[in-house]
Amino acid sequence: EAAVTQSPRNKVAVTGGKVTLSCNQTNNHNNMYWYRQDTGHGLRLIHYSYGAGSTEKGDIPDGYKASRPSQENFSLILELATPSQTSVYFCASGEGLGGFQDTQYFGPGTRLLVL
Amino acid sequence: QQQVRQSPQSLTVWEGETAILNCSYEDSTFDYFPWYWQFPRESPALLIAIRPVSNKKEDGRFTIFFNKREKKLSLHITDSQPGDSATYFCAANTGGLSGKLTFGEGTQVTVIS
């Protein structure tokens, strides 16, 4: 069974503050992803990674940074949080073998409220 | 620009009926179309997927119909059950090493008994 965990599960931050969302996977998957989910927009890709040391911009990277220090860990960093970044954030992992059966396994999500 | 579109936004069906969820896409390089479902307060999970080499993929009560010429696909849920109540996301990717998915906005399905 795929195992992706996220911390914290809930976070309240102040505008202008720094927020770090953490993700850990025990699947030994190459790829990891950060999405945000907002009503009416589905899931939108923020950043992704091919492996340790790699980070790539997704479709909506502005205002976010990412860090992949190891195969298991992938962090999303909001240097200067804004109320528009209030959302539910999902981390996911995938094998990244290039095959069409490359299922993504999602973590439980982090609810972020920026006041 | 939304590259994957879904309709309707929400759908209510009676138990036993067939629910039909629609999806369309713009990028002709998309080559893999998974559907994910998400129950309230849970995370998305893969339900069923199709490649354009096929025009139909069936898994129990869930069937994807694919029309490559029109860039459209649909998910049919036959004999709908209350436990099928969830939000369904159509997604697409090009099959590359990144495994990047582009998701639609989702269709919220409610099955009433």
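The structure we're discussing is the one just above.
Here the structure is a predicted model, which is why all the values come from computation and not from measurement. Starting from 1, residues in each chain are numbered consecutively following that chain's sequence as written. Going through the entries in the order they are written, you letter the chains from A and number the ligands from 1. Totals for whole chains, interfaces and linings use every residue, but because this is a predicted model, local features are given only for residues with pLDDT of at least 70 and side-chain atom pairs only at 80 or more, for both listing and counting. Side-chain numbers come from the whole structure's heavy atoms, not from hydrogens or water.

## Overview of the overall build of chain B
Going by this rule: Counting from the N terminus, the helices are DSSP H or I runs at least four residues long and the strands are E runs at least two residues long. C-alpha atoms define the radius of gyration in this analysis, and the globule rule sets the expected value at 2.2 Å times the number of residues to the power 0.38. The cut-offs for exposure are 20% and 50% of the maximum accessible area for each residue type, with area from a 1.4 Å probe on protein chains only; residues under the lower value are buried, those over the upper are exposed, and the others partly exposed. It only takes one pair of heavy atoms within 4.5 Å for two residues to be counted as in contact. Residue burial considers only the protein chains on display, and all accessible areas are found by Shrake-Rupley using a 1.4 Å probe. Neither His nor the chain ends is counted toward charge; the positive residues are Lys and Arg and the negative residues Asp and Glu. Positions of charges follow a simple convention, taking NZ of Lys, CZ of Arg, CG of Asp or CD of Glu.
Regarding its fold elements, chain B presents 0 helices and 11 strands. Along the chain direction, N to C, the helices and strands of chain B fall in the order β-β-β-β-β-β-β-β-β-β-β. The C-alpha atoms of chain B give a radius of gyration of 13 Å, which matches the 13 Å a tight globule of 113 residues would have. Each of the three principal axes of chain B carries a C-alpha extent, and together these read 40 × 30 × 25 Å. When the 113 residues of chain B are sorted by exposure, 44% land in the buried category. For chain B, the proportion of contacts with a sequence separation of at least 24, taken over those separated by at least 6, is 53%. For chain B, the exposed surface amounts to about 5,500 Å²; the carbon and sulfur share of it is 44%. If the 11 positive side-chain charges of chain B are averaged to one point and the 12 negative ones to another, these points end up 8 Å apart.

## Brief notes about the environment of Gln81 of chain B
Residues and elements named next belong to chain B. Tracing the sequence through the fold places Gln81 in the loop between β8 (72–77) and β9 (86–92). Take Gln81: its relative accessible area is 26%, and that puts it in the partly exposed class. For the pair formed by Gln81 and Ala92, sequence separation is 11 residues and the distance between their alpha carbons is 26 Å. When neighbours within four sequence positions are excluded, Gln81 is seen to be in contact with Glu15, Arg61 and Val111.

## Focus on the interface of chain B and chain A
Applicable threshold: Buried area is calculated as the accessible area (1.4 Å probe) missing from two parts once they are joined, with the contributions of both summed. Salt bridge, as applied in this entry: a Lys or Arg side-chain nitrogen positioned within 4 Å of an Asp or Glu carboxyl oxygen. In this count, Pro and Cys sit with the nonpolar residues alongside Ala, Val, Leu, Ile, Met, Phe, Trp and Tyr, while Asp, Glu, Lys and Arg are called charged and the others, Gly among them, polar.
Counting from both sides, the interface comprises 21 residues of chain B and, opposite them, 24 residues of chain A. Both faces combined, the contact of chain B with chain A buries some 1,900 Å², and carbon together with sulfur accounts for 56% of it. Summed over the three residues of chain B that lose the most area to chain A, namely Leu97, Lys100 and Phe103 of chain B, the buried surface amounts to 25% of that side. Taken together, the connections running from chain B to chain A amount to 0 salt bridges. The residue inventory of the side of chain B that touches chain A, partitioned by class, reads 8 nonpolar, 8 polar and 5 charged.

## Details of the packing of aromatic side chains
Operational definition: Between 30 and 60 degrees the pair is tilted, below 30 it is stacked and above 60 it is edge-to-face, where a pair is any two Phe, Tyr or Trp rings, Trp via its six-membered ring, whose centres lie within 6.5 Å.
In the structure shown here, the tally under the stated rule is 20 aromatic pairs over all chains. Where Phe106 of chain A meets Phe103 of chain B, the ring centres are 6.4 Å apart and the plane angle is 75°; that geometry is what we call edge-to-face. Highlighted residues: Phe106 of chain A in strand β10 (residues 104–106) and Phe103 of chain B in strand β10 (residues 102–103), drawn from two different chains. This pair shows no difference in class: Phe106 of chain A is buried, exactly as Phe103 of chain B is. The rings of Tyr33, Tyr35, Tyr48, Tyr50, Phe90 and Phe106 of chain A together with Tyr36, Phe89 and Phe103 of chain B are connected pair by pair, giving a single aromatic cluster.

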